[in-house]
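Structural features, examined
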Amino acid sequence: QVQLVESGGGLVQAGGSLRLSCAASPRTFSAYVMGWFRQARGKEREFVAACTWNGGSPVYRDSVKGRFTISRDRAENTLYLQMNSLKPEDTAVYYCAATYGSSYNKADTYDYWGRGTQVTVSS
């Protein structure tokens with residue numbers, strides 16, 4: 001059974017940093033695109049960042065460019081999201097996802113999802 005498990009969320013003050021991890025299992029699992037989405041209370045799930053299975057071609061929503069970095073450890077089959085200069089508006093549940101498709105910024109096209117990890121940024 002395929003599993004994506006997020007970790008690394010927590011409470012941080014504005015301007016601080018967090019590093020989210022997404023462990024994929026089994027280790028033989030693969031996809032075409034992996035990404036991060038987030039959903040704030042009362043709002044729709046939105047695209048944050050994505051990259052190819054090999055960790056290339058990173059893309060980001062405009063509001064996180066220059067602050068967030070997506071990467072993947074191929075050996076450990078783990079996806080990361082380094083989040084710096086966090087802002088209160090970054091507060092949300094962050095989800096790891098994978099798809100065999102190519103519509104990287106559309107949540108409905110992703111095939112696998114983790115259960116999410118809460119990120120809270122205080123002012």
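Structural data are supplied above this passage.
As a convention, each chain's residues are numbered from 1 in the sequence order in which they are written. With pLDDT at 70 or above as the cut-off, local features in this predicted model cover only qualifying residues; side-chain atom pairs require 80 or more to be listed or tallied, and sums for whole chains, interfaces and linings still use all residues. Side-chain metrics in this entry use all non-hydrogen atoms of the structure; hydrogen atoms and water are not considered.

**Some points on the pattern of salt bridges**
We count a salt bridge whenever a side-chain nitrogen from Lys or Arg sits within 4 Å of a carboxyl oxygen from Asp or Glu. Across all of its chains, the model carries six salt bridges by this definition. Notably, a salt bridge pairs Glu-46 with Arg-38, separated by 2.8 Å at the nearest N-O pair. Think of it in three bands: residues with accessible area under 20% of the maximum for their type are buried, residues over 50% are exposed, and the middle band is partly exposed, with areas taken using a 1.4 Å probe on protein chains only. Under the relative-accessibility criterion, Glu-46 is labelled partly exposed at 28%. Notably, a salt bridge pairs Lys-65 with Asp-62, separated by 3.0 Å at the nearest N-O pair. On the basis of relative accessibility, which here comes to 63%, the residue Asp-62 falls in the exposed class. Here the residues in one salt-bridge network are Arg-38, Glu-46, Arg-61, Arg-67 and Asp-90, joined through shared partners.

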